[in-house]
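# A look at the structure
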Amino acid sequence: MPQRPKYSLEGILASILFLVLIGIVMIQVLGRTPLFRGPVWTEEAARWIWVWMALIGIGEVERQDKHLRMGFLAEMLPSMVRRIIFTILDLVYLGVVAKLCWIGWQTVGRTWNASSVTLPVSNGMLYLSAFLALLLVAHRILRRIFAGRSGDIGTGDPL
């Protein structure tokens, strides 16, 4: 059986964004001391990077199947019944994610021509984070469904 990768694209990106966020916040903190005058763009950049980090991190949580849930009732069900119920729930979840992905794409299109206040990028870049994160989540849901792992509660075995 092939070894599953320990790290994923989502986890690596979220970790890199976290390190960048720490750096930007440190610039903000030091910019409020007499050492130097902090750049004005750090406030907005920190907010944007936090949003990207959090949304991309959702894909990693989905990959590891580590969301919060109350599984004690589901664990009492027979394995086959649990798989059927969780497959149906995954399909509904996939439908919701697909709809949100479509809304995210439309929002990117509507905001692409508006520019950020302090950053030299389009506002659409902020909303692109939700669209890409939802695509990653949809990918992980589909992999779980096709691998037949719906209903495997708490395995934490990444796809």
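Residues numbered from 1 in each chain as written. Predicted model: local features only at pLDDT ≥ 70, side-chain atom pairs only at ≥ 80, totals over all residues. Heavy atoms only, no water.

Of the regular secondary structure elements, the chain holds four helices and zero strands. Listing the helices and strands of the chain from first to last along the sequence gives α-α-α-α. Since a compact globule built from 159 residues should have a radius of gyration of about 15 Å, the 20 Å found for the chain marks it as more spread out than a globular shape. C-alpha atoms of the chain, sized along the principal axes, occupy 65 × 35 × 30 Å. Per-residue burial over the chain gives 36% buried out of 159 residues. In the chain, 69% of the contacts between residues at least 6 apart in sequence involve partners at least 24 apart. (Helix = DSSP H or I, 4+ residues; strand = E, 2+ residues; numbered from the N terminus. Rg over C-alpha atoms; globule rule 2.2 N^0.38 Å. Buried < 20%, exposed > 50% of the residue type's maximum accessible area, 1.4 Å probe, protein only. Contact = heavy atoms within 4.5 Å.)

Under the 1.5 Å per step criterion, the end-to-end length of helix H4 (residues 124-146) is 33 Å for 23 residues, consistent within 8% with the ideal 33 Å. Where H4 terminates, the next one or two residues include Gly148, which has phi positive at roughly 75°. (Expected span 1.5 Å × (residues − 1).)

Moving on, we come to the pattern of salt bridges. Scanning the entire structure with this criterion turns up five salt bridges. Here Glu10 and Arg140 are joined by a salt bridge, their closest N and O atoms 2.9 Å apart. Taken together, the residues span a long stretch of sequence, with Glu10 in helix H1 (residues 9-31) and Arg140 in helix H4 at a distance of 130 residues. Each member of the pair Glu10 and Arg140 is classed as buried. The salt bridge partner of Arg144 is Asp90, with a shortest N-O separation of 2.9 Å. With Arg144 in helix H4 and Asp90 in helix H3 (residues 79-111), this pair connects stretches of sequence that are 54 residues apart. By relative accessible area, which is 6% here, Arg144 ends up buried. In the salt-bridge network here, residues are joined through shared partners; they are Glu62, Asp90 and Arg144. (Salt bridge = Lys/Arg side-chain N within 4 Å of Asp/Glu carboxyl O.)

On to the nonpolar core. The biggest cluster of nonpolar side chains holds 25 residues, and the ones touching the most others in it are Val97 and Ile141. Residue assignment for this core shows that the elements contributing at least two residues are H1, helix H2 (41-64), H3 and H4. Tallying contributions element by element places H4 first for this core, with nine residues. Residues contacting Val97, with those up to four places away along its chain left out, are Leu134, Val137, Ala138 and Ile141. (Core = buried A, V, L, I, M, F, W, Y, C linked by side-chain atoms within 4.5 Å.)

The next subject is the packing of H2 against H4. Running from amino to carboxyl end, H2 crosses H4 at an angle of 5°, the nearest separation of the two axes being 8 Å. Between H2 and H4, the angle falls in the class roughly parallel. From H2, Trp48, Val51, Trp52, Leu55, Ile56, Ile58, Gly59, Glu62 and Arg63 reach across to H4, where they touch Met125, Leu126, Leu128, Ser129, Ala130, Leu132, Ala133, Leu136, Val137, Arg140, Ile141 and Arg144. Among the residues making up the contact of H2 with H4, the classes are represented as 15 nonpolar, two polar and four charged. (Axes fitted to C-alpha atoms, helices over the stretch in contact; angles between N-to-C directions. Parallel < 35°, antiparallel > 145°, perpendicular 65-115°, else oblique. Nonpolar A, V, L, I, M, F, W, Y, C, P; charged D, E, K, R; others polar.)

This part covers the confidence of the model for the chain. Residues with a pLDDT of 70 or more make up 91% of the chain, whose mean pLDDT is 87. Per-element averaging of pLDDT across the chain places H2 at the bottom with 91 and H1 at the top with 93. (pLDDT = per-residue confidence, 0-100.)

Now for the environment of Ser122. Within the fold, Ser122 resides in the loop between H3 and H4. Ser122 sits in the buried class, given a relative accessible area of 13%. The spacing of Ser122 and Trp112 is ten residues in sequence and 5.6 Å in space, taken between C-alpha atoms. From its side chain, Ser122 meets the backbone oxygen of Thr111 in a polar contact 3.5 Å long. (Polar contact = N/O pair within 3.5 Å; in protein donor to acceptor, adjacent residues only side chain to side chain.)

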